[in-house]
Amino acid sequence: MTKHALSTRLWHWLNVICVVTLFMSGLTISNAHRYLYWGDWGFSPSMAWYAVPRFPNWMTIPGRYNLAVARDWHILMAWPFAVGLLFMWVAMLANRHFQRDITTTRDEWRPKAIWKDIVEHLKLNFEHAGGKYNFLQKLAYGTVLGVFLPMMIFTGISISPGMEPSFGWLVDLLGGRQSARSLHFIFAWLLFAFFVVHLVLVLLSGPIGQIRSMITGGKTHEA
Amino acid sequence: MKRRGFIAGLGALWVAGCNKVADSETGSKLLSAAQDWHQGAHRLLNNREALAPEYPRSAISPTFRGNGSTDPQNGDYPRHAAEGFANWQLEVRGLVETPMTYSLENIRKLPQRTQVTRHDCVEGWSAIGEWTGPQLSLLLDAAKLKPEAKFIVFRCADDYKGLRYYESIDLIDAYHPQTILAHQLNGEPLPIKNGAPYRMRIERQLGYKHAKYVTAIEAVASLEGIGDGKGGYWEDRSGYQWYGGI
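Quantities reported herein were computed from a predicted structural model and do not represent experimental measurements. Counting starts from 1 at the beginning of each chain's written sequence and moves along it residue by residue. Just so you know, chain letters begin at A and ligand numbers begin at 1, following the order they were written in. Since the coordinates come from a predicted model, pLDDT governs what is reported: local features require at least 70, and pairs of side-chain atoms require 80 or more to be given and counted, while whole-chain, interface and lining totals use all residues. Side-chain descriptors were evaluated using all non-hydrogen atoms of the structure, hydrogens and water having been removed beforehand.

Okay, the interface of chain A and chain B next. What makes two residues a contact is simply this: any of their non-hydrogen atoms within 4.5 Å. At the interface, 39 residues of chain A touch 52 residues of chain B. Of the roughly 3,900 Å² buried between chain A and chain B, counting both surfaces, carbon and sulfur atoms make up 64%. The rule for a salt bridge is simple: a side-chain nitrogen of Lys or Arg has to be within 4 Å of a carboxyl oxygen of Asp or Glu. Counting the contacts that link chain A with chain B gives two salt bridges. Where Arg118(B) meets Glu164(A), a salt bridge forms, and the shortest distance between an N and an O atom there is 2.5 Å. Whenever two N or O atoms come within 3.5 Å, that pair is a polar contact, provided that in protein one can donate a hydrogen and the other can accept it, and provided that, for residues adjacent in sequence, both atoms are side-chain atoms. One can count 21 residue pairs in polar contact (both at pLDDT 80 or more) joining chain A with chain B. For the side of chain A that touches chain B, the secondary structure elements donating two or more residues are helix H1 (6-32), helix H2 (67-94), helix H6 (164-173) and helix H7 (177-204) of chain A. Strands are runs of DSSP state E lasting at least 2 residues, helices are runs of H or I lasting at least 4, and numbering of each runs from the N terminus. Per element, the largest residue contribution to the side of chain A that touches chain B is nine residues, and it comes from H2(A). In this classification, the charged set is Asp, Glu, Lys and Arg, the nonpolar set is Ala, Val, Leu, Ile, Met, Phe, Trp, Tyr, Cys and Pro, and all remaining amino acids, among them Gly, are polar. A breakdown of the residues in the side of chain A that touches chain B according to their chemical character gives 22 nonpolar, 11 polar and six charged. Once two parts are joined, some of their accessible surface, as seen by a 1.4 Å probe, is lost; buried area is that loss totalled over both.

Turning our attention to helix H2 (residues 25-45) of chain B. One less than the residue count of a helix, multiplied by 1.5 Å, gives the span that helix is expected to have. For H2(B), with 21 residues, the first-to-last C-alpha span of 30 Å sits near the 30 Å given by 1.5 Å per residue. Each residue gets one of three labels from its accessible area relative to the maximum for its type: buried under 20%, exposed over 50%, partly exposed in between, using a 1.4 Å probe on protein chains only. Buried within H2(B) are the following residues: Gly27(B), Leu31(B), Ala34(B), Gln35(B), His38(B), Gln39(B), Ala41(B) and His42(B).

Quick look at the nonpolar core now. Core analysis: the biggest nonpolar cluster contains 53 residues, and Leu90(B), Leu136(B), Ile152(B), Phe154(B), Leu181(B) and Ile217(B) have the highest contact counts within it. Beyond its immediate stretch of four places on either side in the chain, Ile152(B) contacts Leu136(B), Leu140(B), Leu145(B), Glu167(B), Ser168(B), Ile169(B), Leu171(B), Ala174(B), Ile217(B), Glu218(B) and Ala219(B). Throughout, nonpolar core names a set of buried Ala, Val, Leu, Ile, Met, Phe, Trp, Tyr and Cys residues whose side chains join them through atoms within 4.5 Å. Counting residues in each nonpolar core, the second largest holds 49 residues, with Val52(A), Met92(A), Leu174(A) and Ile226(B) among its members.

UniProt positions are given in the numbering used here, feature names are shortened, and annotations may be inferred rather than shown by experiment. In the UniProt entry, the feature "domain: Oxidoreductase molybdopterin-binding" (unreviewed entry) is given for residues 85-220 of chain B. Between the C-alpha atoms that bound residues 85-220 of chain B the distance is 27 Å, and the span itself is 13% helix and 45% strand.

We now examine the environment of Ala8(B). Residue and element names in this part refer to chain B. Tracing the backbone shows alanine 8 in helix H1 (residues 2-23). Overall, the relative accessible area of 18% leaves alanine 8 in the buried class. Separated by 175 residues in sequence, alanine 8 and histidine 183 have C-alpha atoms that sit 50 Å apart.

Okay, the sheet that holds strand S6 (residues 163-170) of chain B next. Residues and elements named next belong to chain B. Strand order in the open sheet formed by five strands is S2-S1-S11-S5-S6, and the pairing between neighbours is mixed. Strands at the two margins of the open sheet, each flanked by one partner only, are strand S2 (100-103) and S6. When strand polarity is set aside, the average angle formed by the axes of neighbouring strands in this sheet is 20 degrees. Paired strands are those between which DSSP finds at least two bridges. Both strand S1 (residues 89-94) and S2 contribute to a ladder of four bridges, which runs antiparallel. The residue bridging valine 92 from the neighbouring strand is methionine 100, located in S2. The axes are straight lines fitted to the C-alpha atoms, using for helices just the contacting stretch, and the angles between their N-to-C directions are given from 0 to 180°.

Each patch is built from residues that are more than 30% exposed by relative accessible area and take part in no salt bridge. Like charges join if they lie within 9 Å; nonpolar side chains (Val, Leu, Ile, Met, Phe, Trp, Tyr) join within 5 Å. The method behind every accessible area is Shrake-Rupley, applied with a 1.4 Å probe, and residues are considered shielded solely by the protein chains displayed. Among the surface-exposed residues, Leu124(A), Trp189(A), Phe192(A), Val196(A), Val197(A), Val200(A), Leu201(A) and Leu204(A) lie close enough to one another that they form a single nonpolar patch of about 640 Å² accessible area. Summarising the element assignment, Val196(A) is placed in helix H7.

With that settled, consider the packing of H2(A) against H2(B). Where H2(A) contacts H2(B), the two axes come as close as 8 Å, and the packing angle between them is 60 degrees. Both H2(A) and H2(B) take part in a crossing whose hand is left-handed. Side by side, H2(A) and H2(B) meet where Asp72(A), Trp73(A), Ile75(A), Leu76(A), Ala78(A) and Trp79(A) of the first sit next to Leu30(B), Leu31(B), Ala34(B), Gln35(B), Trp37(B), His38(B) and Ala41(B) of the second. Within the contact of H2(A) with H2(B), the residues separate by chemical class into 10 nonpolar, two polar and one charged. Crossing handedness is read from the near helix: turned anticlockwise from the far helix by less than a right angle, it gives a left-handed crossing, and turned clockwise, a right-handed one.

Glancing now at the side chain of Asn46(B). On the secondary structure map, Asn46(B) appears in the loop between H2 and helix H3 (77-82). By relative accessible area, which is 7% here, Asn46(B) ends up buried. Not counting the four nearest positions on each side in its chain, Asn46(B) is found in contact with Gly162(A), Met163(A), Pro165(A) and Ser166(A).

Turning our attention to the UniProt feature "transmembrane region" (unreviewed entry) in chain A. Residues and elements named next belong to chain A. Feature annotation in UniProt assigns "transmembrane region" (unreviewed entry) to the following positions: residues 12-32, 73-94, 139-163 and 183-204. Across residues 73-94, the secondary structure splits into 100% helix and 0% strand, with the terminal C-alpha atoms separated by 32 Å. From the first C-alpha to the last, residues 183-204 spans 31 Å; its make-up is 100% helix and 0% strand.

Moving on: the side chain of Asp236(B). Residues and elements named next belong to chain B. For aspartate 236, the location among the structural elements is in helix H7 (residues 233-238). As a buried residue without a salt bridge, aspartate 236 has its nearest oppositely charged side chain in lysine 230, at a separation of 5.7 Å. Here the side chain of aspartate 236 touches lysine 230 through a polar contact of 3.1 Å, landing on its backbone nitrogen. The residues contacting aspartate 236, other than those within four sequence positions of it, are Tyr166, Ile226, Gly227, Asp228, Gly229, Lys230 and Gly231. When charges are counted, Lys and Arg contribute as positive and Asp and Glu as negative, whereas His and the chain ends are disregarded.

Opposite charge on two side chains lets them pair, provided their charged atoms get close. Counting across every chain of the model gives 22 salt bridges over all chains. The salt bridge involving Arg79(B) is made with Glu83(B); its shortest N-O contact spans 3.4 Å. By sharing partners, the salt bridges in this structure join Glu164(A), Arg177(A), Arg118(B) and Asp120(B) into a single network.

Turning our attention to the packing of aromatic side chains. Any Phe, Tyr or Trp ring, taking Trp's six-membered ring, that has another such ring centre within 6.5 Å forms a pair; planes under 30 degrees apart are called stacked, those over 60 apart edge-to-face, and the others tilted. In total, this model carries 27 aromatic pairs over all chains according to the counting rule given. When the ring of Trp38(A) is compared with that of Trp49(A), the centres are 5.0 Å apart and the planes differ by 10 degrees; the resulting orientation is stacked. A residue pair is termed long-range when its members are at least 10 positions apart, and Trp38(A) in the loop between strand S1 (35-36) and strand S2 (50-51) and Trp49(A) in the loop between S1 and S2 qualify at 11 residues. The exposure class assigned to Trp49(A) is partly exposed, which follows from its relative accessible area of 36%. Taken together, the ring pairs in this structure connect Tyr160(B), Tyr165(B), Tyr208(B), Tyr233(B), Trp234(B) and Tyr240(B) into an aromatic cluster.

Here's what the structure looks like:
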């Protein structure tokens, strides 16, 4: 395991706070209208492609149904989340963390290599690659940093009626306002799935050491 | 069950932490400051006059959902509804040189704007309708705003859950070309559930800003002393953001 850069560690914990608060206040917003639609409009259960279950109070911010307070939290945390992600991308490109540790090589995409990586994961052996991260890790981090997190911002902007006069093309690209809203919910749950897998893998691969290295940076091992 | 209890505990802990922050003075200031940052960013990134999307007539949704008050029963409203709003009067008043009173007939004779736009409710649903009415700027210019005027307040006829509905916007949105006093929906007189005889269309903000059953348009220097001073029914009642563009 090589050292985590200070920028990575700072962003990681800031992002945990933002994402968890955004997710939990988002569940309150979901409770406000539990139906998802495609296209530009939709307002009744008969038009919905999915009826979202109601989330209990312990999962939501605030701990009771209050759309105004949930929106306040969501709107507040959107700022450190978006600015933090931009900061992380700039830092990651500047310190070459992205090129060095996260971009994959053509060799890694060979079915045989991917299969081997999956098997090693199933054997709970996570230290089998030459680099900092193994292929599945690179794929997961690259997808989260490059697709899931930016999509939360783009779909979020698209739901905002005040932004649409200048970002109408973005709303069109996403298939309309209600499609953008559906995608906002879908990507939120994809991030939740990543969060669960990420936590499980931290627990399986020595949680104390992993958490410590994400706080202090960790040790550098010479290969 | 045990693991679920653990996750629920973590959730509750996070919720409690957020409540604590929200209850603190700095925390609550920060939460309400965030809407100003968004409004600032929206104003920075959008031209003041940039238009909300307008759709072809084929995009109009099959029905237009009514929300909040859908059939006011208080005061004179039921009588006016029975008369087809023939004696309904709209006042333009407050910080203006020439206060005005309009009948529905006067309003229909003014130059009209027709726009097919999308209505986005704060709860998350959307509907598309074709709205017709004079631009608010026309009414404000006819009455001549005094220089002290900073906000436009919409007074409404409906008591919703025992409180009189009202709303307010700043002059940038008041003078936006798509801000109209709509008296028609889809080419027909506005239905009662959608705000007959008039409702505001503030196209770059959420639905609760689009006041229905409008009786007066009032220019003011400050929102203090109106309702609870937060600028609108839902703002006072439930703490919704005054800026509804987010």
